[in-house]
Structure formats: C-alpha cells, structure tokens
Amino acid sequence: MKMLIMFQNKPVPVYFTTDNKQPVQKVLKLLTSALDHKINNGKQALKKCLNSLISIEIEGSEAILHSKSENDSLALSLF
C-alpha cells in the first residue's frame, strides 16, 4: 500500500507491507511525530538523510528512510 505524507512542505511517499499489524493511521502519526522530533533534535547524519528524503518504507516497527544518496539512507524504529 502507498500513501503520501507532507514533510518539510514536500510530499513523501510511504510504502507499507500488507502484514503490518498496527492501524495505518497510528503508524503514520508515529512516523510524522518521530520525523518532526528528529529533524529538530537529531544528529547531523540523520538530518542529512531527512533533508534529502525521497521515500519511506514501513516494515513491521521500522521505517526505512530512503534519501537521494543511498549512503544516507537510514532505519528508524517507530515503537
């Protein structure tokens, strides 16, 4: 499943696996909360990834953050 969220005034696609046990709205709320917190309080490497974010993949309780540079892609725990 694919959805779009707004992050830093740009749409970012979020891809879900169908076996996710949490409700989609709860996962999206946790994701946006974590991203907002990390962009304000995160380390430099995380901020670099978030500034060039192109898509997010949710696998279980982790969000894989894909950036323009593959070296900057990171995993973020949601729970």
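Calculation criteria
Residues numbered from 1 in each chain as written. Predicted model: local features only at pLDDT ≥ 70, side-chain atom pairs only at ≥ 80, totals over all residues. Heavy atoms only, no water. Core = buried A, V, L, I, M, F, W, Y, C linked by side-chain atoms within 4.5 Å. Buried < 20%, exposed > 50% of the residue type's maximum accessible area, 1.4 Å probe, protein only. Helix = DSSP H or I, 4+ residues; strand = E, 2+ residues; numbered from the N terminus. Pairing = 2+ DSSP bridges.

A. Examining the nonpolar core more closely. Counting 21 residues, the largest nonpolar core has Leu31, Leu35, Ile56, Ile58 and Leu65 as the members making the most contacts within it. Looking at this core, the elements that each hand over two or more residues are strand E1 (2-7), strand E2 (10-16), helix H1 (24-41), helix H2 (44-51), strand E3 (53-59) and strand E4 (62-67). With six residues, the top contributor of residues to this core is H1.

B. Region of interest: the pairing of E1. Here six bridges tie E1 to E2, and the two strands are oriented antiparallel to one another. Among the inter-strand pairings, Met6 is bridged to a residue of E2, identified as Pro11. Joining the antiparallel neighbours E1 and E2 is a turn of two residues, in which Gln8 adopts a positive phi near 55°.

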